[in-house]
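# Residue-level structure breakdown
What follows is each chain in one-letter form.
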Amino acid sequence: MKMPSTRTRIIAGAAVLAAVGVTAVGAVAVAAPDDASRSGAATAAQAQTQNVVTTDHLTVAAAAKAAQAALSAAEKADQHVSVSVVDRNGNTIVTLRGDGAGPQSYKAAEEKAFTSVSWNAPTSALVKRLEQAPTLKDIPGTLFLAGGAPVQAKGAPIAGVGVAGAPSGDLDEQFAQAGVAALNG
């Protein structure tokens, strides 16, 4: 007969049941894992951990800080913009629409932020890539205009800051960079 890989503990069932006022005869077997089983469970847990990726994310407070810094930089330059901060997956964390910002600026800011985090590059640099790969602009949700800047942690993109509404993309990107700088300072 093959022995099970668990130790079996016998508890006197009659004594236990009698203590609570029930009369019974017999025993109850309770299985407890032995060292080999515990080792197997540890190995299974370790294998599960190897299948999980841990990533860094901005807090809502950090995203709001970056967005406010970008908006403040634009306001100091007397520009009316919208600012958006998206997470690594392109999901919007926060968007601020500045006073007087055009209606198109809200969505454009989100798309610039999404584009910058997707390629881990400022959108001004990505505009140049369109010369070699013009179909990049066909990817849904992207906008290849200057004004987006990635946020990095440990060299990897974790968020994007997008600004839209200033008369030039260079200004939009300058304001987006002010948002990123607020997180690094």
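Quantities reported herein were computed from a predicted structural model and do not represent experimental measurements. (Residues numbered from 1 in each chain as written. Predicted model: local features only at pLDDT ≥ 70, side-chain atom pairs only at ≥ 80, totals over all residues. Heavy atoms only, no water.)

### Points about the overall build of the chain
- Counting secondary structure elements, the chain contains six helices and six strands.
- Mapped in sequence order, the helices and strands of the chain form the string β-α-β-α-α-β-β-α-α-β-β-α.
- Expressed as a percentage of the 185 residues in the chain, the buried residues total 35%.
- Expressed as a percentage of contacts within the chain between residues at least 6 apart in sequence, the contacts between residues at least 24 apart total 59%. (Helix = DSSP H or I, 4+ residues; strand = E, 2+ residues; numbered from the N terminus. Buried < 20%, exposed > 50% of the residue type's maximum accessible area, 1.4 Å probe, protein only. Contact = heavy atoms within 4.5 Å.)

### Observations concerning the nonpolar core
- Formed by 23 residues in total, the largest nonpolar core has its most connected members in Leu 58, Val 81, Val 83, Val 85, Val 151, Val 161 and Val 163.
- Counting only elements with at least two residues in this core, the list comes to helix H3 (60-76), strand S3 (82-87), strand S5 (148-153), strand S6 (156-164) and helix H6 (169-184).
- A total of seven residues in this core trace back to one element, the largest contributor, which is H3.
- Residues contacting Val 85, with those up to four places away along its chain left out, are Leu 58, Ala 63, Ala 66, Ala 67, Asn 91, Thr 92, Ile 93, Val 94, Gly 160 and Val 161.
- Counting residues in each nonpolar core, the second largest holds five residues, with Ala 121, Leu 126, Leu 130 and Leu 136 among its members. (Core = buried A, V, L, I, M, F, W, Y, C linked by side-chain atoms within 4.5 Å.)

### So, the pattern of salt bridges
- With the rule as written, the count across this model stands at three salt bridges.
- A salt bridge links Lys 112 to Asp 172, with the shortest nitrogen-to-oxygen separation between them at 2.9 Å. With a gap of 60 residues between them, Lys 112 in helix H4 (residues 103-119) and Asp 172 in helix H6 connect regions that are remote in the sequence. Across the pair, exposure class does not vary: Lys 112 and Asp 172 are buried alike.
- The closest approach of N and O atoms between Lys 137 and Asp 138, which form a salt bridge, is 3.9 Å. (Salt bridge = Lys/Arg side-chain N within 4 Å of Asp/Glu carboxyl O.)

### Description of the pairing of S3
- Buried residues dominate S3, accounting for six of its six residues.
- Going residue by residue along S3, you find Ser 82, Ser 84 and Val 86 tucked away on one face and Val 83, Val 85 and Asp 87 tucked away on the opposite face as well.
- In this antiparallel pair of consecutive strands, S3 and strand S4 (residues 92-97), the connection spans four residues, and Gly 90 shows a positive phi of 85 degrees.
- In terms of strand pairing, S3 meets S6 through six bridges, oriented antiparallel. Residue pairing across strands places Val 85 opposite Val 161, the latter belonging to S6. (Pairing = 2+ DSSP bridges.)

### Re the environment of Glu 75
- Relative to the helices and strands, Glu 75 is located in helix H3.
- According to the relative accessible area criterion, Glu 75 is partly exposed, its value standing at 43%.
- For the pair Glu 75 and Phe 175, spaced 100 residues apart in the sequence, the C-alpha separation amounts to 9.6 Å.

### So, H6
- Counted at 1.5 Å a residue, the expected span for H6 with its 16 residues is 22 Å, and the 23 Å between its end C-alpha atoms agrees.
- Listing the buried residues of H6 in full gives Asp 172, Glu 173, Phe 175, Ala 176, Gly 179, Val 180 and Ala 182.
- On the buried face of H6, the contacting elements are H3, H4, helix H5 (123-129), S5 and S6. (Expected span 1.5 Å × (residues − 1).)

### Some words on the pairing of S5
- Of all the six residues making up S5, five are buried; the element is thus mostly covered by neighbouring parts of the structure.
- Taken together, the six bridges between S5 and S6 define a ladder with antiparallel strand orientation. Paired with Pro 150 across the two strands is Gly 160, which belongs to S6.
- A loop of two residues connects S5 with S6, the two strands running antiparallel in sequence, and Lys 154 in this loop sits at a positive phi of about 55 degrees.

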